[in-house]
Amino acid sequence: MSDRIEINSAYIEQITALILANNSAELSVIISDLHIADIAEIIEDLAIGDAHFLFDLIEEEKSAAVLVELEDDTREKLLSDLTPKEIAEEVIDNLESDDAADVIGELSEDKKEKVLAHIEDIEHASDISDLLTYPEDTAGGLMAKELIKVNENWNTLQCLKEMRKQAEDVKKVYTIYVVDDHNKLLGSLSLRRLLLAEKGSAIKSIVNTDIVSVKATEDDEDVANILNKYDLIALPVVDDLNRLIGRITFDDVMDVVKEEAEKDYQMASGISEDVESSDSVWELTRARLPWLLIGMMGGLLGAKVIGIFDLSGDNFELAFFIPLIAAMGGNVGVQSAAIVVQGLANDSLKMENIFQKLVKELGVGLLNGIICSIIILGAAFSLGYSLALSLTVSISLFAVIVFAAVFGTFIPLTLEKYNIDPALATGPFITTVNDVLGLFIYFMIGQAIL
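Conventions adopted
Residues numbered from 1 in each chain as written. Predicted model: local features only at pLDDT ≥ 70, side-chain atom pairs only at ≥ 80, totals over all residues. Heavy atoms only, no water. 1 Å grid on protein atoms, 1.4 Å probe; cavity = no way out; pocket = protein on both sides within 12 Å on 5 of 7 lines; lining within 4 Å. Points joined across faces, edges and corners; volume = space filled by probe spheres on them. Nonpolar A, V, L, I, M, F, W, Y, C, P; charged D, E, K, R; others polar. Buried < 20%, exposed > 50% of the residue type's maximum accessible area, 1.4 Å probe, protein only. Helix = DSSP H or I, 4+ residues; strand = E, 2+ residues; numbered from the N terminus. Arc of directions from axis to C-beta. Contact = heavy atoms within 4.5 Å. Axes fitted to C-alpha atoms, helices over the stretch in contact; angles between N-to-C directions. Parallel < 35°, antiparallel > 145°, perpendicular 65-115°, else oblique. Pairing = 2+ DSSP bridges. Salt bridge = Lys/Arg side-chain N within 4 Å of Asp/Glu carboxyl O.

**Here we look at empty space enclosed by the protein**
Under the criterion given, the structure shown has one cavity of 30 Å³ or more. In this model, the largest cavity occupies a volume close to 40 Å³. Residues that form the lining of the largest cavity fall into these classes: seven nonpolar, one polar and two charged.

Here is the structure:
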């Protein structure tokens, strides 16, 4: 049994020292007792040369599983030293079809063809080749071909006999699927029901027809929501004729959820590409710079708005509250956008309910606006500012909060309607637009009152 360890800097230094001493024997003993996820984490923390040394010591079947756990760039570097034949025999032969397709899919076209040609198991190669035809962000791109299925016309004895044969190719059995003579999915069969059924009973008499499935073209985020909604650990995948072609397990979907969360967080932070802290300075700069430039242009527009209005004489005090108006507008807009994006991501907010959501956010904006405007009116007046200026700031803050709440709701819903990731709306875009328009509202009201 693998021990759970704490991988810290001291542990990595210990591993590095053993590598420098070329102590393969002790390293082999250490990694033989580690879980594949721990080995992958250690390799990620090592210099690439040391990572190669350690990876070569891992037993063949375990090393294939470790590769799947690694980040894409690390896996690419480790595979670069292997020939197509070595990848086929040492890696692909030890992986299920979905993981094998993920590994092969990252190779160059030329190397991909050579690896497939070296896979001795023709059926395994065919399954991988089929999976590579599906886009990565679909159910077909997530599914594995290995599964347990039985025919509705079999009896329990024949079913158990056939299941033993199929189980040789399946590492983990989550569900038994029942199909007809044309491979159309009819339902599922629990092991408990199979074991308790009378000897020789027909499978069609004990099948559970209440089963949820997805088409191979289904979006991967929708697959994640379906698994979560129905509390499933595995989900069958069918083609347009409802024929069973694969299955998706919860661990595959967890990777999707993690990747989507990371992508949305980066977009909300104004990072336009999927980057890692280990990426080059140029890659990190290229990902961050576009939104910084947009923010800078927003600042210039804000300065232009301020320049349009006369802040001389008694109006100069309006400038004191510019940071307050801009910050409140940006904060309210981001809050509203974040709630909408979250609802769209977990499928709790439907596009059919756009009007109701806008009305609800308008109500929230009105209530927040009233509370904040009353507080700022009292605070500004008590600090010695004139009643006219206090009223100007109070009314402006109310208008800006209501506008920002509605705008922050409307933008991500609009982006979703046109199939643009709504997470784009939760970061610098909302903040920049609300800064400019908020200042314009503020000075317009100030000009009217003062």
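**Some remarks on helix α6 (residues 72-79)**
When α6 is considered as a whole, its buried residues turn out to be Thr74, Arg75, Leu78 and Leu79. End-on, the buried residues of α6 take up no more than an arc of 130 degrees, which puts them together on one face. On its buried face, α6 sits against α3 (36-45), α4 (48-55), α5 (60-69), α7 (84-91), α8 (97-105) and α9 (109-117).

**What to know about the packing of α5 against α7**
Relative orientation and spacing of two packed helices are given, respectively, by the angle between their axes and the distance between those axes. Viewed as axis vectors pointing N to C, α5 and α7 meet at an angle of 100 degrees, and their least axial separation amounts to 9 Å. By the angle between their directions, the pair α5 and α7 is classed as roughly perpendicular. Between α5, through Glu60, Ser63, Ala64 and Leu67, and α7, the contact on the second element is made entirely by Glu89, Glu90 and Val91. Considered class by class, the residues forming the contact of α5 with α7 number three nonpolar, one polar and three charged.

**Side note on the sheet that holds strand β3 (residues 185-189)**
Strand order across the open sheet formed by three strands is β1-β2-β3, with mixed pairing between neighbours. Strands with a single pairing partner mark the edges of an open sheet, and in this sheet they are β1 (148-151) and β3. Going across the sheet, the axis of each strand differs from the next one's by a mean of 35 degrees, ignoring polarity. Bridge analysis of strand β2 (residues 176-179) against β3 gives four bridges, and the strand direction is antiparallel. Along β3, the bridge assignment pairs Ile176 with Leu189.

**With respect to the pattern of salt bridges**
With the rule as written, the count across this model stands at eight salt bridges. A salt bridge links Lys114 to Asp110, with the shortest nitrogen-to-oxygen separation between them at 3.3 Å. With Lys114 and Asp110 both in helix α9 and four residues apart, the pair spans about one turn of that helix. Residue Asp239 pairs with Arg243 through a salt bridge whose shortest N-O separation is 2.7 Å. Owing to a relative accessible area of 16%, Asp239 belongs among the buried residues under this scheme. Accessibility expressed as a relative area gives 35% for Arg243, which makes it partly exposed. Here the salt bridges do not stand alone but share partners, grouping Asp72, Arg75 and Glu106 into one network.

**Structural notes on the pairing of strand β5 (residues 234-238)**
The element β5 is largely enclosed, with a buried count of five among its five residues. The alternating pattern of β5 places Ala234, Pro236 and Val238 on one face and Leu235 and Val237 on the opposite face, and all of these are buried. Examined bridge by bridge, strand β4 (residues 214-215) and β5 share two bridges and lie parallel to one another. Among the inter-strand pairings, Lys215 is bridged to a residue of β5, identified as Val238. For β5 and strand β6 (residues 244-249), the ladder comprises five bridges, and the chain directions are antiparallel. Bridge assignment links Pro236 to a residue of β6, and that residue is Arg247. Linkage of β5 to β6, two consecutive antiparallel strands, is achieved through a turn of five residues, within which Asn242 is found at a positive phi near 65 degrees.

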